[in-house]
Amino acid sequence: MTFDTTAKVSLTLEQVIEVVKQLPAKAKLRIAKELERDGVKAEWDFVFSAFKTRELDMATINKAVEAERAKAYAKRQAGKAGH
């Protein structure tokens with residue numbers, strides 16, 4: 001017989017945001033970097049998964065390329081607006 005001794009906590013997104021707001025700036029920056037890294041990894045996982053198939057159609061390639069171009073363009077525009 002085994003027992004699960006891990007605590008289970010259920011929080012809403014709003015509760016998580018409120019907790020993060022209470023953290024020092026350095027901790028917030030670390031969280032932001034981790035989340036950004038996870039997001040970038042997910043984007044690349046999508047692109048790489050398309051290349052792992054036996055047949056890769058041009059529509060899939062174009063969709064991935066256009067999505068990445070749009071994100072890059074949006075980042076450049078946001079950078080220009082911030083200056």
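Structure's up top.
Residues numbered from 1 in each chain as written. Predicted model: local features only at pLDDT ≥ 70, side-chain atom pairs only at ≥ 80, totals over all residues. Heavy atoms only, no water.

Caption draft 1: How the structure looks around the overall build of the chain. Helix and strand counts for the chain come out as 3 helices and 0 strands. Shown N-terminal to C-terminal, the secondary structure of the chain runs as helices and strands in the order α-α-α. For the chain, the residues scored as buried account for 4% of the 83 residues in total. (Helix = DSSP H or I, 4+ residues; strand = E, 2+ residues; numbered from the N terminus. Buried < 20%, exposed > 50% of the residue type's maximum accessible area, 1.4 Å probe, protein only.)

Caption draft 2: The pattern of salt bridges, seen in detail. Applying the stated criterion across every chain, the model contains 5 salt bridges. Here aspartate 45 and lysine 41 are joined by a salt bridge, their closest N and O atoms 2.8 Å apart. Placement of the pair is aspartate 45 and lysine 41 together in helix H2 (residues 25-51), with a separation of 4 residues, close to one helical turn. Between arginine 69 and glutamate 66 there is a salt bridge, with the nearest N and O atoms lying 3.2 Å from each other. In this pair, arginine 69 and glutamate 66 are both assigned in helix H3 (residues 58-81), 3 residues apart and thus about one turn of the helix distant. Assessed through its relative accessible area of 46%, glutamate 66 is described here as partly exposed. (Salt bridge = Lys/Arg side-chain N within 4 Å of Asp/Glu carboxyl O.)

Caption draft 3: Representation of a nonpolar patch on the surface. Side chains of Val9, Leu11, Leu13, Val16 and Ile17 sit close together on the surface and give an oily, nonpolar patch of about 470 Å² of accessible area. Here valine 9 shows up in the segment before helix H1 (13-21). (Patch = residues over 30% accessible without salt bridge, like charges linked within 9 Å, V, L, I, M, F, W, Y side chains within 5 Å. Areas by Shrake-Rupley, 256 points an atom, 1.4 Å probe, with all protein chains shown as cover.)

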